[in-house]
Amino acid sequence: VTDALLVRDLAQLATPAPAAVPARGADLGAVEVIEDAYVLCRGGTVEAVGRMRDLGPVTGDVEELDGRGLSAVPGLVDCHTHPAFGGDRVAEFALRAAGAGYEELHAAGGGILSTVAATRALDPPALERRVARHADWMFRHGTTTWEGKSGYGLDRETELASLRAVRACGGSPTWLGAHAVPPEHPNGDAYLDYVVAKVLPEAAVLADAADVFLERGAFDATQARRYLTACRAAGLALRLHGDQFTESGAIPLAVELGARSVDHLEATGPDGIGALAASSVVGVLLPASALFLARPQAPARALVDAGAAIALATDFNPGSSFTTSLPLVCSLACTQLRLSPAEALGAVTVNAAYVLGCSDRVGRLAGGYAADLVLLDAPDWRYLAYHLAGDVVACVVRSGRPVFRR
Ligand code: NIG
Ligand code: FE
């Protein structure tokens, strides 16, 4: 086993330029492109990147990877996924295709609660196998760092098993304890009494962050404040699902509590855009979810132009976004959100890493960063977004080892 990897003769290497993180405004689209490039990795870290003609002699035992005709970008970061679930929602998908509404199905006890029943039916090893399968799907699309939420257990045992499964599969667990009110509790307040008393103490040890679904039919702003305040006191970073269908106060609450992010924002209007831009909270946009539900897209262009920090993610889940492809999300960003390929790259690398609290080591290709990279089967890195649903990922390198080749 060699400890060094030299990726040589790359047609291009593209990385977000050094800038304050999270990148906002013009910084989001600042990408450095090196033609005829190499990446030298050692011990799981990038030692150097540069032009082939500047590559000096490499010492030690080095494995070489031929990059001819390929482009390298940093390993992609999926900062919003729901991979811990049993069953599927394919029957619901067919009903929606025939005209049924997503919120109607949810109100009728289907939707999220049908996945809760299927997830509770799995024992912890079976749940972990499901998460591992979903993590492998992500990985084949170039995702080397990911967040995974619980939220389909909604009881102590299944929520904790979900968080353990995400960690065991290499993800960063987020406790989405407030996703829906399960049927054994009379209302949201009673359910929150239960989770704060019985689940939070252990969830706080297992998870990196907490999340809440702030929306009509789920939790209101008062309930979300109570849940998140308790989670913050227990040491968790804060995230919110907000403004998906209605503006229900998620952005002001995220700013008030110092959340890392507020995610969705399809219903955000001018006041929300201004408030987010004036804050350090990242807006995580999920265009695959809006597409999957045939809903309007988030005001991405207005957010970036106003100076808000944004990231992009898949929202992978069985109901509203059954995809693990960040390249597809980049395509949607350029075709539906009016972002540039460079802005999309920054949003799935540095800014997504910031949301997960790891942007000091993840999200750029430069000396000292994690040796996580994606080799694209294209001579120009912008094929990442250009090749709509294409087989664009040729090879994935994680911790300096080529672990997937098409
Ligand atoms: O981010 N909005 C709430 N939660 C998920 C969907 C969950 C589901 O439909 O199972 C989301 O879209
Ligand atoms: Fe989500």
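Structure's up top.
This is a predicted model, so every value here is computed, not measured. (Residues numbered from 1 in each chain as written. Chains lettered and ligands numbered in written order. Predicted model: local features only at pLDDT ≥ 70, side-chain atom pairs only at ≥ 80, totals over all residues. Heavy atoms only, no water.)

Take the pairing of strand β16 (residues 401–405) next. Pairing between strand β15 (residues 393–398) and β16: four bridges, direction antiparallel. Directly across from Val397, in β16, lies its bridge partner Pro402. The antiparallel hairpin formed by β15 and β16 contains two residues in its connecting segment, where Ser399 sits at a positive phi of about 50°. (Pairing = 2+ DSSP bridges. Helix = DSSP H or I, 4+ residues; strand = E, 2+ residues; numbered from the N terminus.)

Taken in spatial order, the eight strands of this open sheet run β6-β7-β8-β9-β10-β11-β12-β13, and their pairing is parallel. Each edge of the open sheet carries a strand with a single partner, namely β6 (76–78) and β13 (310–312). When the angles between neighbouring strand axes are averaged without regard to direction, this sheet yields 25°. Strand direction decides the pairing type here: strand β8 (residues 172–178) and strand β9 (residues 209–212), joined by three bridges, are parallel. Along β9, the bridge assignment pairs Trp175 with Ala210. Docked against the sheet, helix α5 (residues 156–168) engages β7 (143–149) and β8, running at close to 160° with respect to β8. Sitting on the sheet, helix α7 (residues 221–233) is in contact with β8, β9 and β10 (237–242), with an inclination near 175° to β9. (Axes fitted to C-alpha atoms, helices over the stretch in contact; angles between N-to-C directions. Contact = heavy atoms within 4.5 Å.)

Turning to the nonpolar core, a few remarks are in order. In terms of nonpolar packing, the biggest core is built from 85 residues, with Trp175, Tyr227, Leu240, Val262, Leu285 and Leu312 touching the most fellow members. Ranked by the residues each element gives to this core, the list is headed by helix α6 (residues 188–206), at eight residues. Not counting the four nearest positions on each side in its chain, Leu240 is found in contact with Asp211, Val212, Leu214, Leu228, Ala250, Leu253, Ala254, Ala259, Ser261, Val262 and Asp263. Of all hydrophobic cores here, the second largest spans 19 residues; its members include Val46, Leu70, Ala371 and Leu375. (Core = buried A, V, L, I, M, F, W, Y, C linked by side-chain atoms within 4.5 Å. Buried < 20%, exposed > 50% of the residue type's maximum accessible area, 1.4 Å probe, protein only.)

Moving on to the coordination of the iron ion (ligand 2). Donor atoms from the polypeptide that coordinate the iron ion (ligand 2) comprise His80 (NE2), His82 (NE2), His241 (NE2) and Asp315 (OD), at 2.1 to 2.2 Å from the metal. Sequence spacing of the donor residues for the iron ion (ligand 2), all on one chain, is H-x1-H-x158-H-x73-D. Here the residue His241 occupies a position in strand β10, and Asp315 occupies one in the loop between β13 and α12 (326–335), the gap between them amounting to 74 residues. Residues His241 and Asp315 agree in their burial class; the two are buried. (Donors = N, O, S within 2.8 Å, 3.2 Å for Na, K, Ca; no water.)

Checked against the element boundaries, Arg226 lands in helix α7. Judged by relative accessible area, which is 35%, Arg226 ranks as partly exposed. Expressed as a C-alpha distance, the spacing of Arg226 and Val196, which sit 30 residues apart in the sequence, is 9.3 Å. Not counting residues within four places of it along the chain, the set of residues in contact with Arg226 comprises Asp189, Leu192 and Asp193.

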